[in-house]
Amino acid sequence: MANQDALQRRGLMFILSSPSGAGKTTISHMLLMADEEVKLSVSATTRPRRPGEVDGVDYHFVSDEKFDRMIAEDEFYEWATVFGYRYGTPKGYIRKGLKEGQDFLFDIDWQGTQQLYQKDQQDVVSVFILPPSLAELRRRLESRGQDSGEVIDTRMERARGEISHWAEYDYVVVNDDVDQCFVKVREILHAERMRRTRQTGLIPFVRTLME
Ligand code: 5GP
């Protein structure tokens, strides 16, 4: 049993989205370190591996042909083209995990979030992380020292596009301070676990309580 709650419950699909540089990756890592009940959903992608990324851990890096095959064989919960490459969530182990009470963390964009909502609304909880300002977002992208000014301009343009989807999310958190933002995200997860409809063990529990 994946969760240690007293009562049996269904797992949830916890989605974190944000424009690049708003802190989503840091918050995701903090959550995975702090909470044993949540596992990262590892997506498949046609994007080339970046230095430091590990196949099967960060992503399943696949060819275009393999991605086509996975679509044809209906292996994806959702998939989307993001900035020229395809990304998709393999569904098999997620469906099984949810039933067993396993929570999954998704680092996916707004297109994937919409698709998961359409397929499985009751299991999805989505959080959008906003930067405190666009100036601060630019400052964070520049301080990484990874990209040229031109690439940063492109990222800023994309950030505006992504931010425009904020209202499609259940929760919105401004990442002014990463530790405070993390606490808020974790509180959302904790509260959502307690939602009555997820607690599949409640009916037998209350029945016994009343006997
Ligand atoms: P990156 O290439 O920087 O790792 O990710 C680029 C974008 O693709 C990010 O916004 C990330 O959230 C999104 N992404 C990663 N995996 C998936 C996925 O499986 N489905 C969808 N829809 N988006 C994804």
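Summarised in this report is the structure supplied together with it. (Residues numbered from 1 in each chain as written. Predicted model: local features only at pLDDT ≥ 70, side-chain atom pairs only at ≥ 80, totals over all residues. Heavy atoms only, no water.)

Some thoughts on the sheet that holds strand β7 (residues 103-107)
Selection criterion: Here a strand pair is declared whenever DSSP counts at least two bridges between the two strands. Note on conventions: DSSP H or I runs of at least 4 residues are helices, E runs of at least 2 residues are strands, and numbering of each starts at the N terminus. The axes used here are C-alpha line fits, helices contributing only the stretch in contact, and every angle between their N-to-C directions lies in the interval 0 to 180 degrees.
On the basis of which strands lie adjacent, the open sheet formed by five strands has the order β2-β7-β1-β8-β9 and parallel pairing. With one partner strand each, in any of the chains shown, β2 (38-40) and β9 (171-174) form the two edges of the open sheet. In this sheet, neighbouring strand axes are inclined to one another by 25° on average, regardless of whether the strands run parallel or antiparallel. Where strand β1 (residues 13-17) lies against strand β8 (residues 124-130), five bridges are found, and the strand directions are parallel. Following the sheet pairing, Ile15 is matched in β8 by Ser126.

Looking at the site of the ligand
Operational definition: We define proximity as follows: a residue is near a molecule or strand when any one of its heavy atoms falls within 4 Å of that partner. Pairing of N or O atoms within 3.5 Å defines a polar contact, subject to two protein rules: one partner must be a possible hydrogen donor and the other a possible acceptor, and residues neighboring in sequence count only if both atoms are side-chain atoms. Residue exposure ignores everything except the shown protein chains as possible cover, and the areas themselves are Shrake-Rupley values with a 1.4 Å probe. As a working rule, the residues Ala, Val, Leu, Ile, Met, Phe, Trp, Tyr, Cys and Pro are called nonpolar, Asp, Glu, Lys and Arg charged, and the rest polar, with Gly in that last group.
The environment of the ligand is formed by 15 residues, the closest being Ser43, Arg47, Tyr59, Glu78 and Tyr87. Between an oxygen atom of the ligand and a side-chain N or O atom of Tyr87, the distance comes to 2.5 Å. For the ligand, a nitrogen atom lies 3.5 Å from a polar atom in the backbone of Gly112. Protein contact buries 89% of the 510 Å² of open area that the ligand shows by itself. Residues of the shell around the ligand, tallied by class, amount to five nonpolar, four polar and six charged.

Some points on the side chain of Thr46
This is how the line gets drawn: Burial classes: relative accessible area under 20% of the type maximum marks a residue as buried, over 50% as exposed, and values in between as partly exposed (1.4 Å probe, protein chains only). Contacts are residue-level and defined by heavy atoms, with any inter-residue pair within 4.5 Å sufficient.
Note that Thr46 resides in the loop between β3 (44-45) and β4 (60-61). You can call Thr46 buried: its relative accessible area is 16%. Ignoring sequence-local partners within four residues, the contact set of Thr46 consists of Val62, Ser63, Asp64, Phe67, Tyr85 and Arg86.

Description of the pairing of β1
Of all five residues that make up β1, five are buried, and the element is covered over most of its length. Of the two faces of β1, both are covered, the one formed by Met13, Ile15 and Ser17 as well as the one formed by Phe14 and Leu16. By the bridge criterion, four bridges tie β1 to β7 in an arrangement that is parallel. The partner of Phe14 across the bridge, within β7, is Leu105.

Some details on the packing of aromatic side chains
Our working definition: Aromatic pairing here means that ring centres of Phe, Tyr or Trp (its six-membered ring) are within 6.5 Å. Orientation follows from the plane angle: under 30 degrees is stacked, over 60 is edge-to-face, and everything else is tilted. In our convention, an over-ring charge means Lys NZ or Arg CZ found within 6 Å of a ring centre and within 35 degrees of that ring's normal.
The full count for this structure, using the stated rule, is six aromatic pairs. Measuring from centroid to centroid gives 5.8 Å for Tyr59 and Phe61, while their planes differ by 65°, and the two rings are edge-to-face. Ring plane angle 85° and centroid distance 5.7 Å describe the contact between Tyr93 and Phe104, whose orientation is recorded as edge-to-face. Of this pair, Tyr93 sits in helix α3 (residues 92-99) while Phe104 sits in strand β7, placing them 11 residues apart in sequence. Three or more aromatic residues joined by ring pairs make a cluster, and in this case those are Tyr59, Phe61 and Tyr87. One residue, Arg95, lies across the ring of Tyr77, its end atom 4.7 Å from the ring centre. Above the face of the Phe83 ring, Arg158 is positioned so that its terminal group lies 3.9 Å from the ring centre.

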